[in-house]
Amino acid sequence: MTGNGTEPGAGTGTGNRPTWKRRGSRGIRRLTAARPARGRQDGPPAPIRWSDFSLVPVILVLMAIGYAVSPVFLTSGNLISVVQQSSELSLLVLGQALILICGRMDLSPESTIGIAPVIAMWLVLPADGGRFAGLELLPAGAAIPLCLLTGAVIGVINGFLILRLRVNGFIATLGMLTMLRGLHVGITEGRSLTDVPESFRYLGKTDWLGVPAAVWICLTLFAAGGAALAYLRPGRALYAIGGNPEAARAAGIRTDRITWTVLALGGLLAAFAGILYTGHYGSVAATQGNGWIFQVFAAAVIGGISLKGGRGTLFGALTGVLTLQLVVNVMTLGGVPALWNQFLNGAIIIVALVISRFAGGERQE
Amino acid sequence: MSHPTPAPAPALHAEGIVKRFGRTLALDGVGLTVAPGESHALVGRNGAGKSTLVSIVTGLSRPDAGSVAFAGRPAPAPGDRAGWQSTVACVHQKSMTVPELTVAENLFLNRFGPGRLIGWRRLRQRAGELLAGYGVDVDPRTRAQDLTVEQRQFVEIARALSFGARLIVLDEPTARLDARGIQRLFTRLRELQRQGVAFVYISHHLQEVYELCTAVTVYRDARQVLTATVAALPENELVAAMTGDTGGAARRRPATSGPASASASAEPVLRTERLALRGAFAPLDLAVRPGEVLGLAGAAASGSTAIGETLAGMRRASTGRITVGGTEVRPGSVPDALKAGIGYIPEDRHRQGLIPGRSVAENATLTVADRLGPLGTVRPARTREFARALISSLDIRTSGPGQPVSDLSGGNQQKVVVARALARGPRALIAIRPTAGVDVRSKDALLAVVRRVADEGGAVVIVSDELDDLRVCDRVLALFHGRVVADFAHGWSDRDLVAAMEGVGERP
């Protein structure tokens, strides 16, 4: 038609447009499949999409199955352990969701979650005594700020590569992933670090009101992130940048600055996840975080975040994380042999993708 | 038209076509008959049903009632792609070629020839012959992405013809061509018509209809309201048929307050001093006074678009400076241009204008996010309120501020882009091809809005090669190869301006 590839010929004359588009012919449906086309009278500027809630029934079904499989499932101890185990992954997903919404991709967090605590500990641990010789440059109290700073610096370097040098973000952050893992192994000589600073332990182990502090912190961060996306200027700008970067720039949004900030934030959140994980288990293994990035992307996409940018919510991402963790928990309780875990994990992710694809009714891009 | 003459069967004969989508009637018993070797214009405002008809006569969707016949034979069965391919093809505005593959591969995609191995030499040779046969001067080894728009269109037409199709639907083929490209396109189309190829020509540009087509069919609100030979139909009657108005041609000229409104003594709002961008345009001194609309006329390659983008902060000038109200604007920064009071209507709303999945409200308020709440917050209530004000002041047809912008028609989408440029109350407005791809009535409304900015004391620069856009200007500078070659006061003649834009009398 007319300079307008997405409009398959509805009447402009009518006030409420396109209820018919969904039922249209094959060609038309193909054109409009990527968005719901209900004629809304007067919704909020960011309309609520039911696809954001598509995993809620899946979670309920999983809980029903869990209850049927084992009476232990519905005990508070078990449920708390599920959310506790979700907390570190969910922080990586939070950062990745923001990065994906603004149309980028960052693979490095799976290494950042290990290297950031290692660098912080390396700088503060005493140079002699203990199994691992640190540099003792800074007091132990600086461990958390150092760790967060490391994560942010990694994000800033990613931003430099992607936004200034304009290299391919996927490969650049893949290189970063490999390089940081190597740095981790090099610094620790492949051993686990067990002299975890007290501040890490506190965050990883404390309970507040009977629930681990890590869970409260994650919930708070998700709520803050969700509010920022909905009510803050830079938050709204993320959707604009991810949806059409050229248009965002033409509208006066400082696209590079915001993208760069989001990449730094992604690194910072991964480092924070590293603090929680290290504190919880009381050590940093050389493989900490290894292989997580697959789960991070799976959770985000299952949760309705588009890999092409501009679409998705943090609530959706959070349900994605919970779904994956519940599946693992139910399988464990169901007595599935551990040797089959990896196979089932992959299979479940594929099944979950298919379910959320059809429950959400939108293509996953 | 309803009875084919006994001699040749019409290339296309569609009759009594009804198509509904849910409760919406998209086509209400319409018809279209195209004689062999004829160019038949199909015109109508956005949403009149043209696209639906195209999807039916190209086999993409099935009519609920009515019949379609090609050259006297009934249309192929719905799933018979090969049958459809050998009958009819549509060249869309969007490229249907594979950009990374060569022209030869695109031409013979999936039918590389006998045997399992691809004979590259033979393939290129066949492609060369095919293109030469239709007078298309393109090297078959060129990659499709390196073609110009018109070359790409011709490769697509040649591909359709090589399948045996003798009816081709052209959907807005000139939308992205400059005047010279349009002439070359028309020359080739006439050539093909002589070889018996028939065209259904969809366009918003009525002068093209008059130039190329022999017959015209008008759809309005899902109905066929008129079919006539072009020669016997005055332009004002055609416009009246499209819009349902009886106002006639007078309506097509936007009501301007005339050139007198620009007071020659007032201080210029927008000024450039020796502004230049290497490789795009030579040093340029502009001064646009309050109340004045300045036109920058030029084909796509003339540098006029680059000037507009530089003024808006999308590009950074290599030398010179821009001032608004006497204050210098930081170069190459859109936020600073906005702050200085420069509003910007970008060239291509799909590429630079709209965030497709987001709502009308969000799209319209992108430039004013800082006014929607305190301390960097954006309040949904104030966003809606702001958007509603813009929707009503620009008469945007939408179900509400929350509707996704991609659901709107082309004209209304463009109004959203304009709304955004006006949302900050700009002192200077830069509009690049502000009416591209919109229907007649939206065009007038958009130009009237642009004019209003000037009437309220702002300065406006319109960058365009559309004569209708330039007609609202008080002064027009014609550009050619990055330099101003002529300066026209209000009341220029079409021919003089077009000649200047085409560089007639200039050394290339």
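Labelled according to an unreviewed UniProt entry, chain B appears under the name Sugar ABC transporter ATP-binding protein, originating from Streptomyces jumonjinensis.

Per an unreviewed UniProt entry, chain A carries the name ABC transporter permease and comes from Streptomyces jumonjinensis. Checking UniProt for chain A, the heading Subcellular location (unreviewed entry) contains the comment "Cell membrane".

Which parts of the structure should I look at to understand the overall build of chain B?
Scanning chain B from N- to C-terminus turns up 17 helices and 20 strands. In summary, chain B has a C-alpha radius of gyration of 24 Å against a globular reference of 23 Å for 508 residues, a match within 12%. With the C-alpha coordinates aligned to their principal axes, the bounding extent of chain B is approximately 70 × 55 × 45 Å. Considering chain B as a whole, with its 508 residues, one finds that 51% of them fall into the buried category. Partitioning the contacts of chain B with sequence separation of at least 6, the portion at a separation of at least 24 is 66%.

It is not clear to me how the overall build of chain A should be interpreted in this structure. Could you clarify?
A tally of helices and strands in chain A yields 14 helices and two strands. Taken over 365 residues, chain A has a buried fraction of 48%. A separation threshold of at least 6 residues defines the contact pool for chain A, and within that pool the share at least 24 residues apart is 74%.

What is the right way to read the packing of helix α5 (residues 143-164) of chain A against helix α11 (residues 255-281) of chain A from this model?
In a packed pair of helices, the relevant descriptors are the angle between the two axes and the axis-to-axis distance. All names here are of chain A. For the pair α5 and α11, interaxial distance at closest approach is 7 Å and the crossing angle is 145°. Note that α5 runs across α11; the crossing there is right-handed. Considered class by class, the residues forming the contact of α5 with α11 number 16 nonpolar, nine polar and one charged.

Please explain the sheet that holds strand β2 (residues 24-34) of chain B as it appears in this structure.
Strand-to-strand pairing in sheets goes through backbone hydrogen bonds, with the strands running parallel or antiparallel. Residues and elements named next belong to chain B. Here four strands make up an open sheet; going across it, the order is β2-β1-β4-β5 and the pairing antiparallel. Each edge of the open sheet is held by one strand with a lone partner, namely β2 and β5 (73-74). Examined bridge by bridge, strand β4 (residues 65-70) and β5 share two bridges and lie antiparallel to one another. Bridge assignment links Ala-69 to a residue of β5, and that residue is Pro-74. On the sheet, helix α1 (residues 50-57) packs against β1 (12-21), β2 and β4 and is oriented at approximately 115° with respect to β1.

What is the right way to look at unusual backbone geometry in this model?
With the exception of glycine, most residues fall at negative phi, and the peptide bonds are largely trans. Residue and element names in this part refer to chain B. The backbone of Ala-222 shows a phi angle near 75°, a positive value even though the residue is not glycine. For Ala-222, a count of 24 C-beta atoms within 10 Å corresponds to the buried category. The phi dihedral of Arg-433 is positive, around 40°, even though this residue is not glycine. Among the structural elements, Arg-433 can be located in the loop between β17 (428-432) and α15 (440-455).

Just checking my understanding: could you explain the domain arrangement of chain B for this structure?
In many reports, interface size means the accessible area that the parts give up when they come together. The assigned domain composition of chain B is domain 1 (12-96 + 149-252), domain 2 (98-146) and domain 3 (261-360 + 425-501). For domain 1 of chain B and domain 3 of chain B, the distance between their C-alpha centroids amounts to 33 Å.

Teacher, can you tell me more about helix α2 (residues 55-69) of chain A here?
Given 3.6 residues to a turn, an α-helix orients residues that are three or four positions apart in the same direction. Residue and element names in this part refer to chain A. With 15 residues, α2 extends 21 Å between its outermost C-alpha atoms, agreeing within 8% with the 21 Å of an ideal straight helix rising 1.5 Å per residue. If you check which residues of α2 are buried, you get Leu-55, Val-58, Leu-62 and Gly-66. The arc that holds the buried residues of α2, viewed along the axis, is 80°, so those residues lie on one side. Across from the buried face of α2, at angles greater than 90 degrees, the exposed residues are Pro-57, Leu-60, Val-61, Ala-64 and Ala-68.

I would appreciate a short explanation of the packing of helix α3 (residues 76-101) of chain A against α11(A) in the present structure.
Residue and element names in this part refer to chain A. Closest axis-to-axis distance for the α3/α11 pair is 8 Å, and the angle between their directions is 180°. On the basis of the axis angle, α3 is roughly antiparallel to α11. Mapping the contact onto sequence places Ser-87, Glu-88, Leu-91, Leu-92, Leu-94, Gly-95, Gln-96, Leu-98 and Ile-99 in α3 and Val-262, Leu-263, Leu-265, Gly-266, Leu-269, Ala-270, Phe-272, Ala-273, Leu-276 and Tyr-277 in α11. Here the contact of α3 with α11 is built from residues that sort into 14 nonpolar, four polar and one charged.

So what exactly am I meant to see when it comes to the environment of B:Asp407 here?
Among the structural elements, B:Asp407 can be located in the loop between α13 (380-394) and α14 (410-422). Here the alpha-carbon distance between B:Asp407 and B:Pro356, two residues 51 residues apart in the chain, equals 8.9 Å.

I keep staring at the nonpolar core and nothing clicks. Help me out?
Within soluble globular proteins, side chains that are nonpolar tend to cluster in buried spots. Formed by 169 residues in total, the largest nonpolar core has its most connected members in B:Ile342, B:Ile430 and B:Val460. Here this core gets 12 residues from one element, more than from any other, and that element is α11(A). The next biggest cluster of nonpolar side chains, apart from the first, holds 68 residues, and it includes B:Ala158, B:Ala160, B:Val209 and B:Ala241.

What is the right way to look at the pairing of strand β10 (residues 223-229) of chain B in this model?
Looking down a regular strand, the side chains alternate between one sheet face and the other. All names here are of chain B. Across six bridges, the pairing between strand β9 (residues 215-220) and β10 is antiparallel. Within β10, the residue paired with Arg-220 across the bridge is Arg-223. Here β9 folds back onto β10 in antiparallel fashion, the turn holding two residues, of which Asp-221 has a positive phi close to 45°.

What is the right way to read the confidence of the model for chain B from this model?
Interpreting fine coordinate detail is not advised for predicted regions of low pLDDT. Mean pLDDT over chain B works out to 84, with 92% of the residues at or above the 70 mark. Among the prediction metrics, the complex's ipTM stands at 0.72, with pTM recorded as 0.75.

Please explain helix α17 (residues 494-501) of chain B as it appears in this structure.
Residues and elements named next belong to chain B. Here α17 has its buried residues at Leu-497, Ala-500 and Met-501. Angular distribution of buried residues about the axis of α17 spans 100°; they occupy a single face of the element. Buried positions along α17 lie against α6 (179-194), β13 (293-297), α16 (467-471), β19 (475-480) and β20 (483-489).

How should the sheet that holds strand β18 (residues 459-464) of chain B be read in this particular structure?
Residue and element names in this part refer to chain B. Strand order in the open sheet formed by six strands is β16-β17-β18-β13-β19-β20, with mixed pairing between adjacent strands. Each end of this open sheet is capped by a strand with a single partner; those strands are β16 (342-345) and β20. Each strand of the sheet is rotated relative to its neighbour by a mean of 20°, with strand direction disregarded. Note: β16 against β17, four bridges, orientation parallel. Paired with Ile-342 across the bridge in β17 is Ala-428. On the sheet, α17 packs against β13, β19 and β20 and is oriented at approximately 35° with respect to β19.

Could you clarify how one ought to interpret the pairing of β18(B) in this entry?
Residue and element names in this part refer to chain B. Of all six residues in β18, six are buried; the element is thus mostly enclosed. For β13 and β18, the ladder comprises five bridges, and the chain directions are parallel. Residue pairing in the sheet places Gly-295 in a bridge with Ile-462 of β18. In this view, the connection linking β17 to its parallel neighbour β18 by way of α15 has right-handed handedness.

Where do I start with the confidence of the model for chain A in this structure?
A residue-level look at chain A finds 84% of positions with pLDDT of 70 or above and a mean pLDDT of 83. With pLDDT under 50 throughout, residues 1-47 of chain A is counted as low confidence; its partners more than four residues away or in other chains account for 115 contacts.

Even after reading the chapter, I still don't get the environment of B:Thr323, so can you show me in this structure?
On the secondary structure map, B:Thr323 appears in strand β14 (residues 319-324). Along the chain, B:Thr323 and B:Arg441 lie 118 residues apart, while their C-alpha atoms are 35 Å from each other.

Conventions and cut-offs
- Residues numbered from 1 in each chain as written.
- Chains lettered and ligands numbered in written order.
- Predicted model: local features only at pLDDT ≥ 70, side-chain atom pairs only at ≥ 80, totals over all residues.
- UniProt positions renumbered as here; feature names shortened; annotations may be inferred.
- Helix = DSSP H or I, 4+ residues; strand = E, 2+ residues; numbered from the N terminus.
- Rg over C-alpha atoms; globule rule 2.2 N^0.38 Å.
- Buried ≥ 20, exposed ≤ 12 C-beta atoms within 10 Å, placed from the backbone.
- Contact = placed C-beta atoms within 7 Å.
- Axes fitted to C-alpha atoms, helices over the stretch in contact; angles between N-to-C directions.
- Left-handed = near helix turned anticlockwise from the far one by under 90°.
- Nonpolar A, V, L, I, M, F, W, Y, C, P; charged D, E, K, R; others polar.
- Pairing = 2+ DSSP bridges.
- Domains from an automatic or database assignment.
- Expected span 1.5 Å × (residues − 1).
- Arc of directions from axis to C-beta.
- Parallel < 35°, antiparallel > 145°, perpendicular 65-115°, else oblique.
- Core = buried A, V, L, I, M, F, W, Y, C linked by C-beta atoms within 7 Å.
- pLDDT = per-residue confidence, 0-100.
- Right-handed = clockwise from strand over helix to strand, strands pointing away.

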